[in-house]
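Read off the chains here:
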Amino acid sequence: MSMPPTSTPPTSMPRMSPHPAPALGVVGLSSGYAGAVVVREVNLAIGAGEILAVLGKNGMGKSTLLKAVMGFLPKMAGSVTIAGTEATRLSPHRVARLGVGYVAQEKALFQDLTVEENLKLAVRGRDFAAALAEVEASFPFLLQRLRQRAGTLSGGEQKMLLMARSLATGARLLLVDEITEGLQPSVIDRLAGVIRSARERHGTTMLLVEQHLPFALAVADRWAVLDRGEIAEAGASIETGARERVLKHLSV
Amino acid sequence: MTEARRLSLILAAALLALAAIFAGPTVLDTYSVNVLTRSLLYAAVALTVDLLWGYLGILTFGQSVFFACGAYAAGLVFTHMDFTPGNAALALALGIGAALFTAAIVGWLAFWHGASALYASVITLVLPIVATQLLYSGGTFTGSSSGLSGFTSFDLSTEAWFWLAGSFLVAMTTLAYIVVQSDAGRLLVAVRENEQRCKYLGLNTSRLKIRVYLACAVIGAVAGYIYAAYAMVVAPELAGFVFGTELVIWTALGGRGTLLGPVFGALIVDYESAQLSGNFPFVWQLIIGTVFVLVIVAFPRGLLPMLFDLPRRLLGLLRPRAAVARPARVALATLDAAQTQGAEVGNGPALAVTGVARRFGSLTVLDGIDFKARAGELVSLVGPNGAGKTTLMRCIADGAERSAGTIIVNGHDIGRRPPEACVALGVGRKFQMANVFETLTVAECLQIARARHSRPSLWRRAQRLPLPEAAMHVIATTGLDRQLSTPAHLLSHGLKQALELSMVLALEPRVLLLDEPTAGLTKTERMQIGAILIDLAKKQGLCVLLVEHDLDFVREISSRVIVLHQGRIVLDGSVEEVVASELVKQVYAGSGHAGIAHETAPKTGGQEVPA
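Scoring rules and cut-offs
Residues numbered from 1 in each chain as written. Chains lettered and ligands numbered in written order. Predicted model: local features only at pLDDT ≥ 70, side-chain atom pairs only at ≥ 80, totals over all residues. Heavy atoms only, no water. Helix = DSSP H or I, 4+ residues; strand = E, 2+ residues; numbered from the N terminus. Buried < 20%, exposed > 50% of the residue type's maximum accessible area, 1.4 Å probe, protein only. Contact = heavy atoms within 4.5 Å. Areas by Shrake-Rupley, 256 points an atom, 1.4 Å probe, with all protein chains shown as cover. Lys, Arg positive; Asp, Glu negative; His and termini not counted. Charge placed at Lys NZ, Arg CZ, Asp CG, Glu CD. Rg over C-alpha atoms; globule rule 2.2 N^0.38 Å. Phe/Tyr/Trp six-rings, centres within 6.5 Å; stacked < 30°, edge-to-face > 60°. Lys NZ or Arg CZ within 6 Å of the ring centre and 35° of its normal. UniProt positions renumbered as here; feature names shortened; annotations may be inferred. Salt bridge = Lys/Arg side-chain N within 4 Å of Asp/Glu carboxyl O. Polar contact = N/O pair within 3.5 Å; in protein donor to acceptor, adjacent residues only side chain to side chain. Axes fitted to C-alpha atoms, helices over the stretch in contact; angles between N-to-C directions. Left-handed = near helix turned anticlockwise from the far one by under 90°. Nonpolar A, V, L, I, M, F, W, Y, C, P; charged D, E, K, R; others polar. Pairing = 2+ DSSP bridges.

1. Concerning the overall build of chain B
Part 1: Along its length, chain B carries 23 helices and 14 strands.
Part 2: Over its C-alpha atoms, taken along the principal directions, chain B stretches across nearly 90 × 60 × 55 Å.
Part 3: Per-residue burial for chain B yields a buried fraction of 53% across its 611 residues.
Part 4: A separation of at least 24 residues holds for 77% of the contacts in chain B among residues at least 6 apart in sequence.
Part 5: Here chain B has roughly 26200 Å² of accessible surface; of this, 62% comes from carbon and sulfur atoms.
Part 6: Looking at charge distribution, chain B has the averaged site of its 47 positive side-chain charges lying 3 Å from that of its 43 negative ones.

Written as structure tokens, this is what we have:
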């Protein structure tokens, strides 16, 4: 496996947005669990309305990166800014109030609440009719299941509810952890469209952690590969050879 | 550290504690010796609360009742019969018998298949109230509210009672310590952590809980018997709800799940209460209450874990710890083919599902499911999200799940058997979301998975863990063997999936149910695991039923595909037939991976997700 020398990490990624502050700015971020540094000195800058896919093998720190940004894990070094606001030391609910939505990989729905209650809790205080219109645009089948308990939806349906709920919150920045897992192929296709369309309409910025490479490259503007907690390589999705460059890191 | 060394260290600590007990009366005043004798016996009961609550996860308020069983047996026999050595032995036997009888009833009520953790707490909350009422209504036989006193008992000095109570406590604590540190002790934690996974690993968790509960009842009864014989008075308060709750408070204060914490918690609080109630008769309960609230708020895990954490925290401030991989305690090994012990193959087909339906109220999730699969066949189950795939898996692995129909697995009709009995017939089920024991290490998770085959020792820790070849393959392929001492909750999502798959393979199943076994793994790892599955089916004749969304993966590994749509089987055929079918293209498959185009827009209302 070839990796760029660790002495020259891509310190600042080019920004596409003309805005002065990135929607998400991560500088020199290190994080992990007690006794184990999982993410090392990661630098990221995502412009407003941009979609970045973070790829990489298992256990390379992708989910840890999201949890650290969200404030679920302590940061050992580095800083995080959200649309210019310092967010390094904020707890998760404060980060969420800055307009950040987190689509977790597991146990993210209120299992004993209905589909409708799950949606209502997420859009708290905002226009629920607008939220339902958003659900109709993403996964309309959910509207027929409003009274069903979320825990009784199938695994894939729960994933769809999770994504629909996040889009309905009107979050400015979405951190999405492996949303395609457990989804049937045609739904993954649809999801790609849903995400692109949400971005067109609302200018939502997104950080997607993905294993599904074709989906990631189809949806994201840019990609970055995490290898042992460091960004090993990054680029734009439309560049020729992007797929091969990523695959090089994914195969042992 | 070798096993012999570890065990001799524990015994050395026990001897040291015994020496302290024997030196006690020489340095303490008579009053303290008297009070502490009681505290030592209470501590033994607190120990049982910790075993049940701290290790097994059963919050119990009723341990006082078992203490009272032993105490009242002594009180009643010595009051109504003469005190003779024979009667003393009879009283002890009666006390233990009554405790076992009560515990068996409570255990049966609280831990039957399907009872939730709340059952145990509610029942043990009611138990002391019922017991106290019974003692009150016993008239002169039980002494009603004033209890029994003035009976003759063993003629021992104050020091001798202290030594006896102390030795009993040291012996029980040592025993409990050895058990919780052993392989069997890990099993207790596994049950607390994830009882469902334990059942699906073929372990009868209800029986395990009842056994531990019975053992704890006996310890409580013996402590109560010694108490009555020493104090020569018994009162209904011994069986009461207040005492039962105090035991829980001492356990929480000392630090649950540590054994020593609750023992010292009980000793210190009970001893100090006796002292303070003399000096501050009106406010001592307020003081105890305040301390309790402060400790729980400041150190939710209790005092002992806090004391252990203190040096670690102080040192941690000085030097940040780097990621150091701890050496694994257990060495993995491949099980010899001769040692494998898969379930016995019955006369019927490997897997036969006939007329199976599953309804939730008016909602029908599965209807008229009929199919058979041979040994050596690798069948993929595909279908839209919500088609009932996971429900079907659940019906095959738990006899109580289906609403209608019959299921034959490995040649045996599963009837209404619970999951652990289905495992015994040869079923292995991997869940959709990784389902492992979060606080246990990778090696411990694998050990629990083997517990059905090799009974875990009550006092030793295995140094070697033989696993079937297939499990070893998955472990090596995914690199889990380098993380044997990592707690499962620190594993990445994909590695958790791989761990659960290895755990299920460690069961040596004959019929393997895999719900998206490779979700979260990279394409390369998927293909490697696919090869292992093919091997299992072809060479070892397993029947594999697999839920999978990646049609490339399905095409690569399966011999046959069943398509489930809206709770019914709509297609059952070879991979080529199914993938090429119009129906699958229409309701399931996407435009193909490479086909996801940048400009794909949601066609609102166009492409409905099947409900």
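Having seen the structure, we can now continue with the description.
2. Some points on the overall build of chain A
Part 1: The number of helices and strands found in chain A is 8 helices and 10 strands.
Part 2: Relative to the globule expectation of 18 Å for 252 residues, the C-alpha radius of gyration of chain A, 18 Å, shows essentially globular dimensions.
Part 3: Dimensions of chain A along its principal axes, counting C-alpha atoms only, are 55 × 40 × 35 Å.
Part 4: Relative to its full complement of 252 residues, chain A shows a buried share of 60%.
Part 5: Long-range pairs, those at least 24 residues apart, make up 69% of the contacts in chain A between residues at least 6 apart in sequence.
Part 6: Of the accessible surface of chain A, which amounts to about 9800 Å², a share of 55% is contributed by carbon and sulfur atoms.

3. Focus on the packing of aromatic side chains
Part 1: Counted according to the given criterion, the structure contains 17 aromatic pairs over all chains.
Part 2: On the basis of an interplanar angle of 45° and a centroid distance of 5.6 Å, the ring pair of A:F72 and A:Y102 is categorised as tilted. Remark: A:Y102 occurs in strand β6 (residues 100–103) and A:F72 occurs in the loop between α1 (62–70) and β4 (75–82); sequence separation between them is 30 residues.
Part 3: Centre to centre, the rings of B:F78 and B:F151 are 6.2 Å apart; their planes meet at 55°, and the pair counts as tilted. You can see B:F78 sitting in helix α3 (residues 63–80) and its partner B:F151 sitting in the loop between β1 (148–149) and α7 (158–181), a full 73 residues away along the chain.
Part 4: For B:F78, a relative accessible area of 3% gives the class buried.
Part 5: Assessed through its relative accessible area of 5%, B:F151 is described here as buried.
Part 6: A connected cluster of aromatic rings, assembled from ring pairs, spans B:F78, B:F83, B:F151, B:F154, B:W161 and B:Y230.
Part 7: A cation over a ring is seen here: B:R429 above B:Y200, with NZ or CZ 5.2 Å from the ring centre.

4. Some words on the UniProt feature "transmembrane region" (unreviewed entry) in chain B
Residues and elements named next belong to chain B.
Part 1: In the numbering used here, UniProt assigns the feature "transmembrane region" (unreviewed entry) to residues 39–58, 65–83, 89–111, 118–136, 160–180, 212–233 and 282–304.
Part 2: Its end C-alpha atoms 32 Å apart, residues 89–111 is made of 100% helix and 0% strand.
Part 3: In residues 118–136, the share of helix is 100% and the share of strand is 0%. The end C-alpha atoms are 28 Å apart.

5. A short note on the pattern of salt bridges
Part 1: Under the definition given, this model contains 29 salt bridges over all chains.
Part 2: B:D367 serves as the salt-bridge partner of B:R568, at 2.9 Å between the closest nitrogen and oxygen. Residue B:R568 is located in strand β14 (residues 568–573), and its partner B:D367 is located in strand β5 (residues 363–373); the two are separated by 201 residues in the primary sequence.
Part 3: Among the residues examined, B:R568 registers a relative accessible area of 44% and is labelled partly exposed.
Part 4: Connected through salt bridges with shared partners, the residues A:R196, A:R199, A:E200 and A:D221 form a single ionic network.

6. Here's the deal with the side chain of B:H493
Part 1: When you line up the elements, B:H493 lands in helix α19 (residues 493–506).
Part 2: Here A:E181 takes part through its side chain, which lies 3.0 Å from a polar atom of the side chain of B:H493.
Part 3: Beyond its immediate stretch of four places on either side in the chain, B:H493 contacts A:N58, A:Q105, A:E106, A:E181 and B:G520.

7. What to know about the packing of α3(B) against helix α4 (residues 85–111) of chain B
Residues and elements named next belong to chain B.
Part 1: Axis separation between α3 and α4 bottoms out at 8 Å; the angle between their running directions is 145°. Here α3 and α4 pass one another in a crossing that is right-handed. Of the residues in α4, those in contact with V65, F66, C69, G70, A73, A74, V77 and F78 of α3 are N87, A88, A91, L94, G95, A98, A99, T102 and A103.
Part 2: Split by residue class, the contact of α3 with α4 holds 13 nonpolar, 4 polar and no charged.

8. Here we look at the sheet that holds strand β5 (residues 85–86) of chain A
Residue and element names in this part refer to chain A.
Part 1: Pairing is antiparallel in the open sheet, where 4 strands are placed in the order β2-β1-β4-β5. Pairing within the sheet leaves two strands with one partner each, and these edge strands are β2 (36–46) and β5.
Part 2: As paired strands, β4 and β5 are joined by 2 bridges and run antiparallel to one another. Bridge pairing links T81 to E86 in β5.
Part 3: Across the sheet, α1 is in contact with β1 (24–33), β2 and β4; its angle to β1 comes to roughly 110°.

9. A few points about the sheet that holds strand β3 (residues 51–55) of chain A
All names here are of chain A.
Part 1: If you trace the 6 strands from one edge of the open sheet to the other, you get β6-β7-β8-β3-β9-β10, paired in mixed fashion. With partners counted over all chains shown, the strands left at the sheet margins are β6 and β10 (230–236), one partner each. Within this sheet the neighbouring strands show an average axis-to-axis angle of 15°, counted without direction.
Part 2: With 4 bridges joining them, β3 and strand β8 (residues 205–209) adopt parallel strand pairing.

10. Topic: the environment of B:M393
Residues and elements named next belong to chain B.
Part 1: Tracing the backbone shows M393 in helix α15 (residues 389–397).
Part 2: With 121 residues separating them in the primary sequence, M393 and L514 have C-alpha atoms 8.2 Å apart.
Part 3: Discounting residues that sit within four places of it in the chain, M393 has contacts with L513, L514, D515, L545, L546 and V547.

11. Thoughts on the packing of helix α11 (residues 241–254) of chain B against helix α12 (residues 260–279) of chain B
Residues and elements named next belong to chain B.
Part 1: Two numbers describe how α11 lies on α12: the axes approach to 7 Å, and their chain directions differ by 115°. Both α11 and α12 take part in a crossing whose hand is right-handed. Of α12, the residues touching α11 (which contributes W250, T251, L253 and G254) are G261, P262, G265, A266, V269 and D270.
Part 2: Its residues assigned to classes, the contact of α11 with α12 comprises 5 nonpolar, 4 polar and 1 charged.

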